[in-house]
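Listed below are the residues making up each chain.
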Amino acid sequence: PAGFVNAKIDDALLGDFCREVAQQGKAPPPPIKAFGGKRKVLVDFSSPNIAKEMHVGHLRSTIIGDTICRVLEYCGHDVHRINHVGDWGTQFGMLISHMEEAYPDFTSNPPNITDLTVFYKNAKKRFDDDEAFKKKSRETVVALQAGDPRCREIWALLCDISRKEFARVYKRLGVTLEEVGESHYNSMIPNAISLLEKAGLVTDSDGASTVFLEGHSFPLIVKKSDGGFGYDSTDIAAIHHRLKTLGVDWVVYVTDLGQAEHFHMCFEAAEKAGWTSAEGRLCHVGFGVVQGEDGKRFKTRSGETVRLVDLLDESVTRMEKSLKDRVAEGKCALSPDEVKSAAEKIGYGAVKYADLHQHPATNYKFSYDKMLSTSGNTAVYLLFAHARLASIVRKASAKGVDAKKAASTKMDLCAHPKERALAFELTQFSGVVASVAEEFLPVRVCDYLYKVSCKFTEFVTECKVLDDARMAERVVLCEATGVVMRACFDLLGIEYLMQI
Ligand code: ARG
């Protein structure tokens, strides 16, 4: 039979915690010793493919990966944000061959990214339909890999066009990444394979070099029968480089769930080859597909894949309209310029939050109406709640009660049950952050932020703040809540507003 241990935390402890948070303006991270000290962590995320447009899957990886990085950074780890872009592989044969045909003057008149997706489709079509083109493409890959200068030039141009487009999306989302694409590992592949061979892991299957691992119905193909290297080869070389050359302790990969088995096989191979250490961690964070409101794969009305930039634009446009309506109704005092910038912050925040606020493995239905709703567990609701809170703190200050100053005197912050419940919730912050740094589940930050906001709402509903006898105490609680909420927004990469 299970017993219970009841513990009651001293009110003074809760109060002192909140006063300190209000005074410092910072919520404490978990102690780094909780992780056995500072770790070198590499997060492999976003990772779109050159000459293709980023799709919603890459959006998920970018948003989830960025939050994981932010949490690890907050904890004090040494974090490397790596964009493992698909800049190598057999598709470049057809792309380069097609470029020579379709854009003979490519140096002076290169295609832009929108053309580039069409370009990709056309190249693929030619590749599938035309035997001679197929043959030429295959030869071109060999030439590229052998370092042929003209092939290299076209390849670099393709990478450059895509890179600029990716950078625009990252800038909008406020995400930083270091590009270390697949091509970077190409020269390291033979050595990695020979290490696997020495460990006795490689077998020959019909001329291909493969690594069979127990419990998997297919092997890793480290060298194809034609001698070429593919996705598996690159990831094997990359994991070896990261663990053994860069000396990374933890590697976290963020991709769709469809690739889970691939990564688990790479992890197992690395372990069997002796590249991992006892405290090392190799993790795959897999996410489900983004669906339209009809439950099918998310597509535009005409059945095309949704362009990421359009999706972000749409969210901002809708938010701008809803803010303008509020201004017209007298519910919002923002100037036209402020409306524009607020719509961007809230619009992007809504897209991010919609993705982050559930377990990554679940598929989610993309719905502008839901994510932009002012009620329920949405970024919009939370950002409004925060702005309201900030306005209480401002009003109190105008009445001569400065939250930070008030926090410097010892006071009882837990006299009312709703005050205490809120104060207790605030003390949970660093535990939540620690759990995200352990399990890589950003949803925990969202759940926590929502809970804090609900506790805050209950508190202000029952406890009058302005002009109350307990105004000083309550303003300190408001300020501490604001600090914790802002810390959560920062971890989620959501820009908050002090006024809406
Ligand atoms: N480029 C891949 C894709 O679009 C994701 C790469 C993930 N990282 C890796 N090391 N394989 O699906």
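What counts and how
- Counting of residues starts from 1 at the beginning of each chain's written sequence and follows it residue by residue.
- At least 70 in pLDDT is required for a residue's local features to be given in this predicted model, at least 80 for side-chain atom pairs to be given and counted, and no such filter applies to totals for whole chains, interfaces and linings, which use all residues.
- By convention in this description, side-chain values take in all heavy atoms of the structure and omit both hydrogens and water.
- Think of a 1 Å grid over the protein atoms and nothing else: a 1.4 Å probe that fits but is trapped marks a cavity, an open set flanked by protein within 12 Å on at least five of seven lines marks a pocket, and residues with an atom within 4 Å of a point count as lining.
- Grid points are joined across faces, edges and corners, and a volume is the space filled by probe spheres set on the points.
- Strands are runs of DSSP state E lasting at least two residues, helices are runs of H or I lasting at least four, and both sets are numbered from the N terminus onward.
- Salt bridges are defined as contacts in which a side-chain nitrogen from Lys or Arg sits within 4 Å of a carboxyl oxygen from Asp or Glu.
- For the exposure calls, accessible area comes from a 1.4 Å probe over protein chains only, and a residue counts as buried if that area is under 20% of its type's maximum, exposed if over 50%, partly exposed in between.
- Residues are classed as near a molecule or strand on a simple rule: at least one heavy atom within 4 Å of it.
- Pairs of N or O atoms are called polar contacts if they sit within 3.5 Å, as long as, within protein, a hydrogen donor faces a hydrogen acceptor (for residues adjacent in sequence, only side-chain-to-side-chain pairs).
- Surface accessibility in these figures is a Shrake-Rupley result with a 1.4 Å probe; residues are shielded only by whichever protein chains are displayed.
- Any molecule with more than half of its atoms within 2 Å of a cavity's or pocket's grid points is counted as sitting in it.
- Amino acid classes used here: Ala, Val, Leu, Ile, Met, Phe, Trp, Tyr, Cys and Pro are nonpolar; Asp, Glu, Lys and Arg are charged; the rest, including Gly, are polar.
- Note on method: axes are straight lines fitted to C-alpha atoms, helices fitted across the in-contact stretch only, with angles between N-to-C directions ranging 0 to 180 degrees.
- Just so you know how the angles are binned, under 35 degrees is roughly parallel, over 145 roughly antiparallel, 65 to 115 roughly perpendicular, and the rest oblique.
- Contact between two residues is taken to exist if any of their heavy atoms lie within 4.5 Å; hydrogens are not considered.
- Note: two strands are recorded as paired if DSSP finds a minimum of 2 bridges between them.

Asks: Looking at this structure, I do not really get empty space enclosed by the protein. What am I missing?
Replies: Take a probe with the size of a water molecule and roll it over the atoms, and the empty space left behind shows itself. Within the structure shown, the criterion is met by one cavity of 30 Å³ or more. Taken as a whole, the largest cavity holds about 40 Å³ of empty space. What lines the largest cavity is Glu53, Met54, Glu165, Phe166, Val169, Arg307, Leu308 and Val309. Secondary structure elements with two or more residues in the lining of the largest cavity: α6 (149-173) and α10 (308-328).

Asks: Whenever I open this one, the pattern of salt bridges confuses me. Can you help?
Replies: Side chains that differ in sign of charge can pair as their charged atoms come close. Tallying each qualifying case throughout the model produces 36 salt bridges. Residue Asp11 pairs with Arg420 through a salt bridge whose shortest N-O separation is 2.6 Å. With Asp11 in helix α1 (residues 11-24) and Arg420 in helix α15 (residues 417-427), the pair connects residues that are 409 residues apart, well separated along the chain. Residue classification places Asp11 among the partly exposed residues on the basis of a relative accessible area of 24%. Here Asp66 makes a salt bridge to Arg81, at a shortest N to O gap of 2.9 Å. Highlighted residues: Asp66 in helix α2 (residues 56-75) and Arg81 in strand β2 (residues 78-83), separated in sequence by 15 residues. Residue class for Asp66 comes out buried when judged on its relative accessible area of 2%. Classification of Arg81 by relative accessible area gives buried; the value is 11%. One salt-bridge network, held together by shared partners, links Glu419, Asp468, Arg470, Glu473 and Arg474.

Asks: Hey, could you run me through the site of the ligand in this one?
Replies: Within the structure, the ligand sits among Asp44, Ser47, Asn49, His58, His84, Tyr231, Asp235, Tyr253, Thr255, Gln259 and Phe263. In the environment of the ligand, an oxygen atom lies 2.9 Å from a nitrogen or oxygen atom belonging to the side chain of His58. Contact with the protein chains hides 90% of the accessible area of the ligand, taken as 350 Å² for the molecule alone. Judged by the fraction of its atoms near the pocket grid, the ligand is located in the largest pocket. Among the residues forming the shell around the ligand, the class breakdown is three nonpolar, six polar and two charged.

Asks: Which parts of the structure should I look at to understand the packing of α2 against helix α11 (residues 336-356)?
Replies: Each packed pair of helices is defined by two parameters, the angle between the axes and the distance between the axes. Viewed as axis vectors pointing N to C, α2 and α11 meet at an angle of 85°, and their least axial separation amounts to 10 Å. The angle between α2 and α11 falls in the class roughly perpendicular. Along the contact surface, α2 presents Leu59, Arg60, Ile63, Ile64 and Thr67, while α11 presents Val351, Lys352, Asp355 and Leu356. The class makeup of the residues in the contact of α2 with α11 is five nonpolar, one polar and three charged.

Asks: I would appreciate a short explanation of the sheet that holds strand β6 (residues 220-223) in the present structure.
Replies: The strands making up a sheet are joined through hydrogen bonds of the backbone, oriented either antiparallel or parallel. Taken together, three strands build an open sheet; the order of strands is β4-β5-β6 and the sheet is antiparallel. In the strand order of this sheet, the two ends are held by β4 (202-205) and β6, each with one partner. Ignoring which end each strand starts from, the neighbouring axes of this sheet average 45° apart. Relative to strand β5 (residues 208-211), β4 runs antiparallel, the two being bridged by four bridges. The residue of β5 that forms the bridge with Asp204 is Ser209.

Asks: Explanation requested: helix α16 (residues 429-439) in the structure shown.
Replies: Structurally, the α-helix is built with 3.6 residues per turn, so residues lying three or four positions apart point the same way. When α16 is considered as a whole, its buried residues turn out to be Phe429, Val432, Val433, Ala434, Ser435, Val436 and Ala437. On the buried face of α16, the contacting elements are α2, β7 (250-256), β8 (281-287), α15, α17 (443-462) and α18 (471-492). With its phi angle positive at about 60°, Phe440 sits one or two positions after the end of α16.

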